[in-house]
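Read off the chains here:
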Amino acid sequence: MTVFRISPAVADAFPDTLIALVTATGLRSHEPWPDTTTAVEDLEQQLAYGTWQPADETDPRIEAWHTAYRSFGTNPRRIRPSVDALGRRLAKKGTLPRINPAVDSYNAVSVRHGLPAGAFDLDHVSGVVDIRHADGTESFTPLGEADTVENPKPGEIIYADTAGVLTRHWNHRDAHRTRVTEDSTHVAFVLETLHADRDGALLKIAADELQSLLIPHAERTAVHCLSPAQPLATT
């Protein structure tokens, strides 16, 4: 089991935060995931037909993350929240990246609903995962850059376990160590909003949609929630 918790300082700074943790055990990513393939292709077709556009920085869901990033010293137009970067890429290229079925699933759900998403291979997580402000001494190796080591800026919000940083700038980029691959079998997927009062129902819809994509390809799935009122969840 892995414990996720929100630090009191982050809870105080962002009191309307709501995070959905969708966990999957016994994940099978080497088999076809037809529902995920359809979900991704449907988004691309809607974009091509002009019937749907990904949320951009003028959308309140994205704007809220830009404001949050600025509050801890990150320029969100240079270092973008994950959903913002993914939506811009989709709008420009007309296609979503194909990584593996699990990652493709949360990317589709993220960009469809305008909510940041990420995932951690729990077999490579060490100890408790804290959502907290960095002190600047932590180390982070970016996804896809196994030989690179960065140090978050003091005050930057991060996900971190006892071995290092799992995400920088809250949800800008995941770590290489806990990346989800086709061989990952025990995964925690994360969906986030800073405005539970406004977007809590949307977050639940997104979490249910992601879980429905995972269920046919996992032995067990579950959804847990984190918030300032419920700052700890055991997955």
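Asker: Could you give an account of the overall build of the chain, with specific residues and numbers?
Answerer: Each helix and strand counted, the chain has 6 helices and 10 strands in total. Radius of gyration (C-alpha) of the chain: 17 Å, near the 18 Å computed for a compact globule of 235 residues. Across its three principal directions, the C-alpha atoms of the chain cover 45 × 40 × 40 Å. Out of the 235 residues belonging to the chain, those deemed buried represent 52%.

Asker: An account of the sheet that holds strand S1 (residues 3-6) is needed here, citing residue identities and associated values.
Answerer: Sheet strands line up and pair through hydrogen bonds in the backbone, either parallel or antiparallel. On the basis of which strands lie adjacent, the open sheet formed by 6 strands has the order S7-S6-S5-S4-S1-S10 and mixed pairing. A strand with exactly one partner marks an edge of an open sheet, and here the two such strands are strand S7 (173-174) and strand S10 (232-234). Inspection of the sheet shows strand S4 (residues 129-133) paired to strand S5 (residues 157-161) by 4 bridges, in the antiparallel sense. Counterpart to Asp130 in the pairing with S5 is Ala160.

Asker: Just give me the short version of the nonpolar core, but keep the residues and values in it.
Answerer: One finds Phe4, Ile19, Ile131, Tyr159, Trp170 and Leu226 to be the most contacted residues of the largest nonpolar core, which totals 26 residues. Within the residue set of this core, elements represented by two or more residues are S1, helix H1 (8-13), strand S2 (18-25), helix H3 (60-71), S4, S5 and strand S8 (186-193). At 4 residues, H3 tops the list of elements feeding residues into this core. Once you skip the residues sitting within four places of it in the chain, Phe4 turns out to touch Leu21, Phe120, Leu122, Val129, Tyr159, Ala188, Leu226, Pro231, Leu232, Ala233 and Thr235. Phe189, Leu191, Ala206 and Leu213 belong to the second-largest nonpolar core, a separate cluster that totals 24 residues.

Asker: Run through the side chain of Thr235, naming residues and quoting values.
Answerer: Following the sequence through the fold, Thr235 ends up in the segment after S10. A relative accessible area of 15% places Thr235 in the buried class. Once residues within four sequence positions are removed from consideration, Thr235 is found in contact with Met1, Thr2, Phe4, Leu21, Thr23, Leu122 and His224.

Asker: Outline the sheet that holds strand S3 (residues 117-121), listing residues and values.
Answerer: If you trace the 4 strands from one edge of the open sheet to the other, you get S3-S8-S2-S9, paired in antiparallel fashion. In this open sheet, the two edge strands, each paired with only one partner strand, are S3 and strand S9 (220-226). In this sheet, neighbouring strand axes are inclined to one another by 20° on average, regardless of whether the strands run parallel or antiparallel. Of the pairings in the sheet, the one linking S2 to S9 comprises 7 bridges and is antiparallel in character. Note on S9: the bridge partner recorded for Ala20 is Cys225.

Asker: Describe in detail a positive patch on the surface, supporting the description with residues and values.
Answerer: On the surface, a cluster of positive charge is made up of Arg88, Arg89, Lys92 and Lys93. Relative to the helices and strands, Arg88 is located in helix H4 (residues 82-93).

Asker: Any chance you could break down the environment of Ile62 for me, citing the residues and the numbers?
Answerer: Looking at the element boundaries, Ile62 is found in helix H3. Taking the relative accessible area as the measure of exposure, Ile62 reaches 1% and is therefore buried. Separated by 118 residues in the primary sequence, Ile62 and Val180 have C-alpha atoms spaced 25 Å apart.

Scoring rules and cut-offs
For every chain, the first residue of its written sequence is number 1, and the numbers climb from 1 along that sequence. A pLDDT threshold of at least 70 governs which residues receive local features in this predicted model, and a stricter bar of 80 or more applies before side-chain atom pairs are shown or counted, although totals over entire chains, interfaces and linings include all residues. Based on all heavy atoms of the structure, the side-chain values leave hydrogens and waters out of the count. Segments assigned H or I by DSSP are reported as helices when at least four residues long, segments assigned E as strands when at least two residues long, and all are numbered from the N terminus. A radius of gyration in this sense is built from C-alpha atoms; the matching globule rule multiplies 2.2 Å by the number of residues raised to 0.38. Think of it in three bands: with a 1.4 Å probe and only protein chains considered, a residue is buried below 20% of the maximum accessible area for its type, exposed above 50%, and partly exposed in between. In this scheme, strands are said to pair when DSSP sees at least two bridges between them. Here, nonpolar core means buried Ala, Val, Leu, Ile, Met, Phe, Trp, Tyr and Cys residues that are tied together by side-chain atoms lying within 4.5 Å of each other. Residues count as neighbours in contact if any of their non-hydrogen atoms are within 4.5 Å of one another. Structural elements are reduced to axes, namely lines fitted to C-alpha atoms, with helices fitted over the stretch in contact, and the angle between N-to-C directions of any two is expressed from 0 to 180 degrees. Like charges within 9 Å and nonpolar side chains (Val, Leu, Ile, Met, Phe, Trp, Tyr) within 5 Å are joined into patches, using only residues over 30% in relative accessible area that form no salt bridge. Using a 1.4 Å probe, the Shrake-Rupley method yields the accessible areas, and only the shown protein chains count as cover for residues. We define a salt bridge as a contact between a side-chain nitrogen of Lys or Arg and a carboxyl oxygen of Asp or Glu at a distance within 4 Å. Charged residues are defined narrowly, with Lys and Arg counted positive, Asp and Glu counted negative, and His plus the chain ends left uncounted. To locate a charge, take NZ of a lysine, CZ of an arginine, CG of an aspartate or CD of a glutamate.

From the geometry alone we can't say anything about function, so treat these as descriptive.
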